[in-house]
Amino acid sequence: MVFNSLQFVAFFLVVYGLYRLLPHRPQNWLLLVGSYYFYAAWDWRFLGLLVASTVIDFCCARYIASRQAPRDRKIALLVSISFNVSMLGFFKYFNFFADNLHALFGLVGWRLDFFTLRVLLPIGISFYTFITMSYVIDVYRRHIEPTRNFLDFAVFVAYFPHLVAGPILRASVLLPQIAAARRITREQNIEGAWLIGWGLFKKMFVADNLARVAGAVFAPAGHPSGLEVLLGVYAFAFQIYGDFSGYTDIARGVSKLMGIELNINFRSPYFVRTPQEFWQHWHISLSTWLRDYLFLPLSYAFSRRLDGVRWLGLRDDFWIYAAATMITMLIAGLWHGAAWNFVLWGAYQGLLLVLFTVPWGGRKRKRAGAAARRPFVRALGVLGMFHLTCLGWLIFRARSIAQIGALFGDLAGRFEPSGRVLAALGLPLLFYAGPLVAVHAFEAAHDDFAVVFRWPRIVRYNVYAALIYLIVLFGDFAGAQFIYFQF
Amino acid sequence: MGGDLWSFCRTVKPVTRVRFWTLVGVLVCQFGLFEAALRIEGGSEAAPAFQRLFMSDTRMGYRLRPGARTRFRTASFETDIAINSSGTRDEEIGPKQPGERRIVVLGDSIVLSVQVPLEQTFCKRLEYRLNHDPASAPYRYRVINAGVQGYGPVEDWLFYEHVASRFDADVVLVALFVGNDAIEAADQSWRLRPASAGQTPGSVAVMGTPLRQVPAIAAAWMRRTVRRSMVLQIARLRVRSVTDRFLSGDPGIDRPLTAYLPQAPPDVVRGLAVTRECVSRIAALAGTLGSKTAVVLLPARFQVNDEDFAYLAREVAQHGEVLKRNGATDRFKRALDGLAIPVMDALPPLFDAPRRSETFFEDTVHLTPRGHQIVADALERFLFESQLLPSSGSKAVVNAGR
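It should be emphasised that the depicted structure is a prediction, and the values quoted were computed from it without experimental measurement. Position numbers for residues start from 1 in each chain and track the written sequence from start to end. Going through the entries in the order they are written, you letter the chains from A and number the ligands from 1. The model is predicted, so local features are restricted to residues of pLDDT at least 70 and side-chain atom pairs to those at 80 or more, both for listing and for counting; the totals for chains, interfaces and linings are taken over all residues. To obtain the side-chain values, all non-hydrogen atoms of the structure were included, while hydrogens and water were left out.

Novice: When you look at the overall build of chain B in this model, what are you seeing that I'm missing?
Specialist: Secondary structure assignment for chain B yields 17 helices and eleven strands. Burial here depends on accessible area, computed with a 1.4 Å probe over protein chains only, as a share of the maximum for the residue type. Under 20% is buried, over 50% is exposed, and the range in between is partly exposed. Buried residues in chain B amount to 50% of all 402 residues. Here the analysis covers contacts within chain B between residues at least 6 apart in sequence; of these, 70% occur between residues at least 24 apart. In these tables, accessible area is a Shrake-Rupley quantity obtained with a 1.4 Å probe, and a residue counts as shielded only by the protein chains included in the view. Approximately 18700 Å² of chain B is accessible, and the part contributed by carbon and sulfur atoms is 58%. Comment: elements are numbered from the N terminus, with helices defined as DSSP H or I runs of at least four residues and strands as E runs of at least two. The contact definition used throughout considers only heavy atoms, calling two residues in contact when any of these lie within 4.5 Å.

Shown next, in the form of structure tokens:
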């Protein structure tokens with residue numbers, strides 16, 4: 001049941017209609033039943049995993065909070081983390097490791113025929129395991145008090161707008177909203193309706209149409225020219241952004257209509273100038289999760305081992321940052337999918353983050369900092385960073401390591417400008433991504449991510465009308481799935 | 001009722017009323033802008049120029065309008081389309097001349113082929129080949145393109161019964177598009193019932209969909225309005241595709257693709273039975289008129305194109321199902337088994353062709369001129385080998401050599 005389907009519209013209308021009629025506690029029961037139904041509509045067989053994860057983490061958190069002895073608390077934490085990581089590892093990475101083990105043994109002539117189990121990936125497992133893990137860790141760190149109400153916790157984990165593709169919400173944000181009675185304001189209704197419309201536009205008009213442009217270039221049998229690769233990567237950059245941020249916008253919009261606020265997950269990520277800024281604007285809920293639960297503990301661990309080292313003229317704080325960043329980003333890459341291109345993408349992102357923290361020359365750097373405030377230089381910086389991001393998307397989108405090599409070869413060696421290619425790929429790209437870029441350019445220029453609501457009424461009405469017409473006339477109504485469901 | 005509405009309107013704050021009418025004004029203005037833009041640039045089947053090719057018909061729902069002409073332009077092609085006075089995309093069909101042999105090809109948009117000029121369709125290419133083949137002597141062949149956009153087996157039968165049976169054919173070829181003809185046959189099977197049980201008196205069919213319980217005048221007005229506007233036409237198609245998927249029961253897999261699953265759903269099974277019924281009716285009527293009948297199975301693009309197949313197989317796999325490349329083709333063959341009618345499968349020649357991805361257009365499911373050429377070549381061989389056409393000795397030798 002994808003957000004852009006009539007099935008979801010029917011489901012939501014029923015849930016929302018009842019939701020508005022019921023008082024607070026029955027509302028939570030309704031949300032739980034509705035969320036489980038929503039999940040079961042994908043595959044009811046995996047509902048058990050979701051329930052098991054909910055029960056185990058609820059119990060672990062309660063146990064941790066009830067114990068003072070560090071050893072007892074740590075054991076409960078390990079039980080929770082082991083359960084979630086092993087569940088994620090088995091369902092998401094079993095095939096990947098089995099295939100690679102096959103290949104490895106195949107190199108020395110051995111055949112391992114017993115690894116033939118094909119494991120299906122339960123939808124949304126990467127998201128809800130991270131959500132429940134963060135809850136238990138926060139309780140362990142005494143950042144939050146565990147909830148005593150199992151219903152509230154179960155709704156927090158399974159809440160359908162964020163269940164299958166995030167955002168990865170913290171208990172400190174969502175649980176209080178579930179526990180307390182909700183009041184739906186007029187502003188929430190207006191913003192919710194806008195976010196749903198804008199999200200559908202991003203998904204149906206931008207992402208699903210650009211998927212065809214990108215798909216043509218990344219086809220396995222294709223041998224595209226450099227210009228085709230470049231335009232195909234641009235198309236994928238806007239496709240994945242439109243797809244994922246569109247999902248988040250719809251999730252936030254649906255939640256607002258129910259009086260629940262979800263975190264912003266994207267803030268015009270293609271209008272930034274450094275990889276650090278990119279990760280502060282792209283999939284914010286994942287990057288902050290990784291920062292809080294992986295990068296900072298790793299940094300702390302490395303700081304004890306690398307204290308005082310000075311290699312290649314660089315101080316220990318740089319090496320601590322570099323080591324923690326590389327490991328974090330490799331895991332971030334693997335989180336996106338069990339394939340080597342995702343691992344490579346994670347390494348590339350880590351390398352970018354590390355390279356952008358190298359202190360290249362002191363005085364020159366200050367002068368460069370002053371120049372960077374000029375609009376033209378800023379624009380160049382944004383353009384440069386966009387292209388670095390696109391190189392990453394090439395790695396991300398490719399079907400194999402061999403294709404990554406071939407596409408880089410085409411990009412560098414077969415760059416032949418062609419009017420035909422520009423007409424076939426460039427014009428659709430401009431048509432489908434243009435309106436999105438225009439709105440985000442306004443947002444970035446005003447540093448205001450609700451800039452649309454500040455526009456004069458007549459302009460807003462024109463934007464609303466244009467969105468409706470563009471979705472109806474040019475949107476993809478095939479009900480394609482969201483890319484991030486597979487992660 | 002009117003008074004209630006008026007009193008409700010009066011209770012609305014003036015500022016809200018102004019905002020509402022401003023929004024309506026913006027929507028109307030943009031409607032005009034999009035309508036103009038689509039008419040200038042966006043060639044699609046929703047274009048009034050294309051829709052003018054069709055007229056309502058109480059038996060088939062709609063058909064090609066006799067004498068209609070248009071230039072159909074999209075991003076991929078531009079073609080002139082002329083409909084003859086018999087309602088087929090062909091030259092005028094006069095009385096049969098001595099020594100003339102006629103082949104009538106029934107089917108849907110793949111036969112009609114608005115994407116290519118008439119002379120490049122497989123019908124006309126076949127005609128050309130037959131007339132330039134020494135094996136055809138002493139006959140002169142006429143291959144009549146009787147395909148109509150959106151037709152399925154039920155409409156093929158009705159069109160043959162009421163229109164094409166007058167064409168005095170020697171061979172009737174029923175071209176079945178295995179991609180969706182089973183589904184279409186299931187959906188349109190109500191047309192096979194007697195007129196009194198089929199369409200409700202006074203109802204009107206809009207592109208094959210009966211609008212029951214809608215006053216005829218309002219429905220006709222609505223249809224005319226929608227047909228005149230590209231924006232409304234596209235909106236109508238969107239609504240139909242979304243509701244079709246919603247009503248199909250399995251929202252995940254597109255209905256036509258279900259014909260390729262290992263276990264066919266009930267509507268596909270029913271559609272195949274209806275197809276068999278329609279083909280046997282065509283063969284029976286053709287037999288009484290002295291014509292032979294054969295079936296041509298035309299594949300969907302993904303059956304030929306590896307990339308399309310891989311994409312759709314992945315989509316289907318997400319729902320725990322397996323997409324069988326030849327699933328629907330094999331089903332049609334089995335459904336037609338026992339009718340004693342020759343069947344040609346166009347998949348092998350298209351699949352075995354060099355550069356097979358170029359046999360279909362990239363953005364539609366239709367054949368390119370190259371695809372038409374391959375189908376025409378295969379059809380010629382099939383017609384002689386299955387003895388639907390009399391072959392001279394030289395042809396038999398050529399065929400034996402293959």
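What follows continues from the structure just given.
Novice: Explanation requested: the interface of chain A and chain B in the structure shown.
Specialist: It is common to give the size of an interface as the accessible area lost on bringing the parts into contact. Facing 25 residues of chain A, the contacting portion of chain B comprises 23 residues. Buried area: the accessible area, evaluated with a 1.4 Å probe, that two parts lose upon being put together, summed over both parts. When the buried area of chain A at its contact with chain B is split by residue, A:Tyr461, A:Tyr469 and A:Leu473 rank highest and sum to 28% of it. Here the element with the most residues in the side of chain A that touches chain B is helix 19 (residues 457–474) of chain A; it accounts for eleven residues. Three categories are distinguished: nonpolar for Ala, Val, Leu, Ile, Met, Phe, Trp, Tyr, Cys and Pro, charged for Asp, Glu, Lys and Arg, and polar for the others, with Gly belonging to the last. Across the side of chain A that touches chain B, the residue classes tally to 16 nonpolar, six polar and three charged.

Novice: Help me understand the packing of helix 1 (residues 6–21) of chain A against helix 2 (residues 24–43) of chain A, please; the structure alone is not making it clear to me.
Specialist: Helix-helix packing is described using two parameters, namely the angle between the two axes and the distance between the axes. Residue and element names in this part refer to chain A. Orientation is described by lines fitted to C-alpha atoms, with helices fitted over the stretch in contact, and by angles between N-to-C directions that extend from 0 to 180 degrees. Packing of helix 1 against helix 2 brings their axes to within 10 Å, and their N-to-C directions diverge by 170°. As summarised for this structure, helix 1 and helix 2 are arranged roughly antiparallel, according to the angle between their axes. Remark: the crossing between helix 1 and helix 2 carries right-handed chirality. For the pair formed by helix 1 and helix 2, the contact residues are Phe8, Phe11, Val15, Leu18 and Tyr19 on the first element and Gln27, Leu30, Leu31, Gly34, Tyr37 and Phe38 on the second. In the contact of helix 1 with helix 2, the residues fall into nine nonpolar, two polar and no charged. Roughly parallel refers to an angle under 35 degrees, roughly antiparallel to one over 145, roughly perpendicular to one between 65 and 115, and oblique to any angle outside these ranges. Helix crossings are classified by the rotation of the near helix relative to the far one: an anticlockwise turn of less than a right angle makes the crossing left-handed, while a clockwise turn makes it right-handed.

Novice: I keep staring at the pattern of salt bridges and nothing clicks. Help me out?
Specialist: When their charged atoms lie close together, side chains carrying opposite charge are able to pair. A carboxyl oxygen of Asp or Glu within 4 Å of a side-chain nitrogen of Lys or Arg is what we treat as a salt bridge. With the rule as written, the count across this model stands at 28 salt bridges over all chains. Across the pair A:Lys256 and A:Glu261 runs a salt bridge whose closest N-O atoms are separated by 2.8 Å. Owing to a relative accessible area of 5%, A:Lys256 belongs among the buried residues under this scheme. B:Asp345 is paired through a salt bridge with B:Lys333; the nearest N and O atoms lie 3.0 Å apart. Here the residue B:Asp345 occupies a position in strand 11 (residues 343–345), and B:Lys333 occupies one in helix 14 (residues 327–336), the gap between them amounting to twelve residues. A relative accessible area of 36% means that B:Lys333 is categorised as partly exposed. Salt bridges here are not isolated pairs; linked through shared partners, they connect B:Asp90, B:Lys124, B:Glu127 and B:Arg142.

Novice: Just checking my understanding: could you explain unusual backbone geometry for this structure?
Specialist: Look at A:Arg142: it is not a glycine, yet its phi comes out positive at around 60°. On the accessibility criterion, A:Arg142 (51% relative accessible area) is exposed. Of note in this structure, B:Arg355 is not a glycine but carries a positive phi near 55°. Along the polypeptide, B:Arg355 turns up in the loop between helix 15 (347–352) and helix 16 (369–385).

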